[in-house]
Amino acid sequence: MYRTLVLVGLLAVMGVAFAGDCLARGSSPRFAVGSMKMPTRSSGGGLLARLNKSPVPTMPGLPTASPLGLIAPRMSNAVTIFQKGGLSSQTGRLAAIGVLSPRISPVVALFSTPPKTPKAMWTYGLTILSPRAAVAVGMIRGAMGMTAGLR
């Protein structure tokens, strides 16, 4: 029973992720008016790239403050390599080191470009201790920043 539910859930997620591509290729009278915007692959860059979008910018060498960074920091760094220009950029190279070890990447980033604020130094230190805890703190900071405009 559990396996069946997992399989159905996985198929539903994949169906929703690729629905935009299918609708973009063929004309559908229901969506011809444009009342409902469907996500397409070209705008999002794939399912992992959508999960790796961060509400707040993160410093080089750290996993993104995103759901993918919370679930799998190494996979977040792997997706970041392609989002930040590959191995030709410094951020891409630090993300590649983060794929090997998410705790060594902040150490390399500290030595290559030392942070200018104590808050940034604290974030690098927290990432060295626990990458997932640093991602959770970044997500909380992002959520607090989004609600600041509502007050």
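Residues numbered from 1 in each chain as written. Predicted model: local features only at pLDDT ≥ 70, side-chain atom pairs only at ≥ 80, totals over all residues. Heavy atoms only, no water.

Trainee: Just to check I follow, could you spell out the overall build of the chain for this structure?
Mentor: Secondary structure summary: the chain contains nine helices and zero strands in total. Of the regular secondary structure in the chain, the N- to C-terminal order runs α-α-α-α-α-α-α-α-α. Out of the 151 residues belonging to the chain, those deemed buried represent 29%. By sequence separation, contacts in the chain at least 24 residues apart represent 42% of the contacts at least 6 residues apart. (Helix = DSSP H or I, 4+ residues; strand = E, 2+ residues; numbered from the N terminus. Buried < 20%, exposed > 50% of the residue type's maximum accessible area, 1.4 Å probe, protein only. Contact = heavy atoms within 4.5 Å.)

Trainee: Before we go on, may I ask you to explain a nonpolar patch on the surface in this structure?
Mentor: The grouping of Leu47, Leu48, Leu51 and Met75 at the surface amounts to a nonpolar patch, some 310 Å² of accessible area in total. Residue contributions to the nonpolar patch peak at three residues, all from helix α3 (residues 47–51). Within the fold, Leu51 resides in helix α3. Leu51 sits in the partly exposed class, given a relative accessible area of 32%. (Patch = residues over 30% accessible without salt bridge, like charges linked within 9 Å, V, L, I, M, F, W, Y side chains within 5 Å. Areas by Shrake-Rupley, 256 points an atom, 1.4 Å probe, with all protein chains shown as cover. Salt bridge = Lys/Arg side-chain N within 4 Å of Asp/Glu carboxyl O.)

Trainee: Teacher, can you tell me more about helix α8 (residues 118–129) here?
Mentor: At 3.6 residues per turn, the α-helix brings residues three or four places apart onto the same side. A rise of 1.5 Å per residue sets the reference length of α8, with its twelve residues, at 16 Å; its end C-alpha atoms lie 17 Å apart and thus fit the reference within 8%. Among the residues making up α8, those that are buried are Ala120, Thr123, Tyr124, Leu126 and Thr127. The buried side chains of α8 occupy one side of the element, clustering within an arc of 160° when seen end-on. Turned more than 90 degrees off the buried face of α8, the exposed positions are Pro118 and Leu129. (Expected span 1.5 Å × (residues − 1). Arc of directions from axis to C-beta.)

Trainee: Sorry if this is basic, but what is going on with the side chain of Thr64 here?
Mentor: Its place among the elements puts Thr64 in the loop between α3 and α4 (67–71). Among the polar contacts listed, one links the side chain of Thr64 to the side chain of Asn52, at a separation of 2.5 Å. Here the side chain of Thr64 touches Ser76 through a polar contact of 3.0 Å, side chain to side chain. Setting aside residues up to four positions removed in sequence, Thr64 forms contacts with Asn52, Ser54, Thr58, Gly69, Ser76, Thr80 and Val135. (Polar contact = N/O pair within 3.5 Å; in protein donor to acceptor, adjacent residues only side chain to side chain.)

Trainee: Can you walk me through the packing of helix α7 (residues 104–112) against α8 in this structure?
Mentor: To characterise two packed helices, one gives the angle between the axes of the helices and the distance between these axes. Remark: α7 packs on α8, axes separated minimally by 8 Å, with the N-to-C direction vectors making an angle of 150°. Between α7 and α8, the interaxial angle falls into the category roughly antiparallel. Pair α7 / α8 crosses with left-handed handedness. Where α7 approaches α8, its residues Pro106, Val107, Ala109 and Leu110 are matched on the opposing element by Met121, Tyr124, Thr127 and Ile128. Among the residues making up the contact of α7 with α8, the classes are represented as seven nonpolar, one polar and no charged. (Axes fitted to C-alpha atoms, helices over the stretch in contact; angles between N-to-C directions. Parallel < 35°, antiparallel > 145°, perpendicular 65-115°, else oblique. Left-handed = near helix turned anticlockwise from the far one by under 90°. Nonpolar A, V, L, I, M, F, W, Y, C, P; charged D, E, K, R; others polar.)

Trainee: Teacher, can you tell me more about the confidence of the model for the chain here?
Mentor: Regions with low pLDDT should not have their predicted coordinates read in detail. With 73% of its residues at a pLDDT of 70 or more, the chain shows a mean pLDDT of 77. Counting interchain partners and residues more than four positions distant, the pLDDT-below-50 stretch residues 21–43 has 16 contacts. (pLDDT = per-residue confidence, 0-100.)

Trainee: Looking at this model, I keep getting lost on the environment of Leu129. Mind explaining?
Mentor: Within the element layout of this structure, Leu129 appears in helix α8. Residues Leu129 and Pro102 lie 27 residues apart in sequence; the distance between their C-alpha atoms is 9.9 Å.

Trainee: What's the story with the environment of Ile140 in this structure? I'm lost.
Mentor: Inspection of the secondary structure puts Ile140 in helix α9 (residues 131–148). Sequence spacing of Ile140 and Pro55 is 85 residues, and the spatial spacing of their C-alpha atoms is 9.9 Å.

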